[in-house]
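Results of the structural survey
Given next are the chains, with one letter for each unit.
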Amino acid sequence: DTAVSQTPKYLVTQMGNDKSIKCEQNLGHDTMYWYKQDSKKFLKIMFSYNNKELIINETVPNRFSPKSPDKAHLNLHINSLELGDSAVYFCASSHLTALAGVTSDTQYFGPGTRLTVL
Amino acid sequence: LAKTTQPISMDSYEGQEVNITCSHNNIATNDYITWYQQFPSQGPRFIIQGYKTKVTNEVASLFIPADRKSSTLSLPRVSLSDTAVYYCLVASSGGYQKVTFGTGTKLQVIP
């Protein structure tokens, strides 16, 4: 069974269009994330939700709007797509565990969605 | 967040042990260390995590010296399928933190 799944896997679209990427996790985790990995392979966090509430919102254009209908789903909607939005978008979920007296967070990533804007 | 520094790339022959060292000189008392592995066209995958001394699992070992200013990921007897990018991360305890991925170390295993 897939732990963190994303749809679609590939998305090719024209500049100016609006598109959505869906993410679902069946791990029972409370926290979910969206990351962007650009052509240089840098992986940057965009958003994080904990129990459907936004807890991390990095400097991301407001054309990007995450939505969490429940704690197992975190979708990403992108308006007015631009060429620079082309990248691979990863969804992740995490849980807290005890680690030698501290509390650690382990993230589980989805397979990614390769977005190409033409 | 503690900044991490790791080699950009490494080559190793199949069957050898590979050690990748990550520097994190300004690690804080409540920070812990996590390593992820990423294959091409896949999401990062958790490998191992530690706070101090040595941690071992079925995939790798993590060595953390007493001052915790560095950590070393050890992969025993690598195979071609271990060719990937390995990321070292330092994060703070106690909640859901913004995790910053660095450039990672691209490991190429040679037959």
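Residues numbered from 1 in each chain as written. Chains lettered and ligands numbered in written order. Predicted model: local features only at pLDDT ≥ 70, side-chain atom pairs only at ≥ 80, totals over all residues. Heavy atoms only, no water.

Quick notes on the interface of chain A and chain B
Every contact between the two is made by 31 residues of chain A and, on the other side, 22 residues of chain B. Roughly 2100 Å² of surface becomes buried between chain A and chain B when both sides are summed, with 59% attributable to carbon and sulfur atoms. At the surface where chain A touches chain B, the tally comes to zero salt bridges. On inspection of chain A and its partner chain B, the count reaches seven residue pairs in polar contact (both at pLDDT 80 or more). Residue assignment for the side of chain A that touches chain B shows that the elements contributing at least two residues are β4 (31–37), β5 (43–50), β6 (53–57), β9 (87–99) and β10 (102–109) of chain A. Ranked by residues supplied to the side of chain A that touches chain B, first place goes to β10(A) with seven residues. Looking at the side of chain A that touches chain B, its residues break down into 14 nonpolar, 11 polar and six charged. (Contact = heavy atoms within 4.5 Å. Buried area = accessible area lost by both parts, 1.4 Å probe. Salt bridge = Lys/Arg side-chain N within 4 Å of Asp/Glu carboxyl O. Polar contact = N/O pair within 3.5 Å; in protein donor to acceptor, adjacent residues only side chain to side chain. Helix = DSSP H or I, 4+ residues; strand = E, 2+ residues; numbered from the N terminus. Nonpolar A, V, L, I, M, F, W, Y, C, P; charged D, E, K, R; others polar.)

Looking at the layout of surface pockets
Estimates place the volume of the largest pocket at around 500 Å³. Those elements that provide at least two residues to the lining of the largest pocket are β9 and β11 (113–117) of chain A together with β8 (84–92) and β9 (105–110) of chain B. Broken down by element, the lining of the largest pocket gets its largest block of residues, three residues, from β8(B). A class-by-class count of the residues in the lining of the largest pocket yields 11 nonpolar, 10 polar and five charged. (1 Å grid on protein atoms, 1.4 Å probe; cavity = no way out; pocket = protein on both sides within 12 Å on 5 of 7 lines; lining within 4 Å. Points joined across faces, edges and corners; volume = space filled by probe spheres on them.)

Structural notes on the sheet that holds strand β6 (residues 61–64) of chain B
Either a parallel or an antiparallel arrangement is found when strands of a sheet pair, and the pairing is made through backbone hydrogen bonds. All names here are of chain B. What the four strands build is an open sheet, ordered β2-β7-β6-β5; its pairing is antiparallel. A strand with exactly one partner marks an edge of an open sheet, and here the two such strands are β2 (18–23) and β5 (53–56). In this sheet, adjacent strand axes meet at a mean angle of 15° when their direction is disregarded. Note that β6 and strand β7 (residues 70–75) share three bridges and pair antiparallel. Opposite S61, over in β7, you have S74 as the bridge partner. (Pairing = 2+ DSSP bridges. Axes fitted to C-alpha atoms, helices over the stretch in contact; angles between N-to-C directions.)

Here we look at the sheet that holds strand β4 (residues 45–50) of chain B
All names here are of chain B. Taken in spatial order, the five strands make up an open sheet running β1-β9-β8-β3-β4, and their pairing is mixed. What marks the edges here is a single partner per strand, and that holds for β1 (9–13) and β4. Averaged over all neighbouring strand pairs, the angle between strand axes comes to 25°, with direction disregarded. Bridge count between β8 and β9: three bridges; the pairing is antiparallel. Counterpart to A84 in the pairing with β9 is L107.

Details of the state of the cysteines
All names here are of chain A. Tallied over the full model, the rule gives two disulfides over all chains. Across a sulfur-sulfur distance of 1.8 Å, C23 and C91 are joined as a disulfide pair. Around the S-S axis, the bridge from C23 to C91 shows a dihedral of about -75° and counts as left-handed. One end of the pair, C23, is in strand β3 (residues 19–25); the other, C91, is in strand β9, with 68 residues separating them in the sequence. (Disulfide = S-S within 2.5 Å.)

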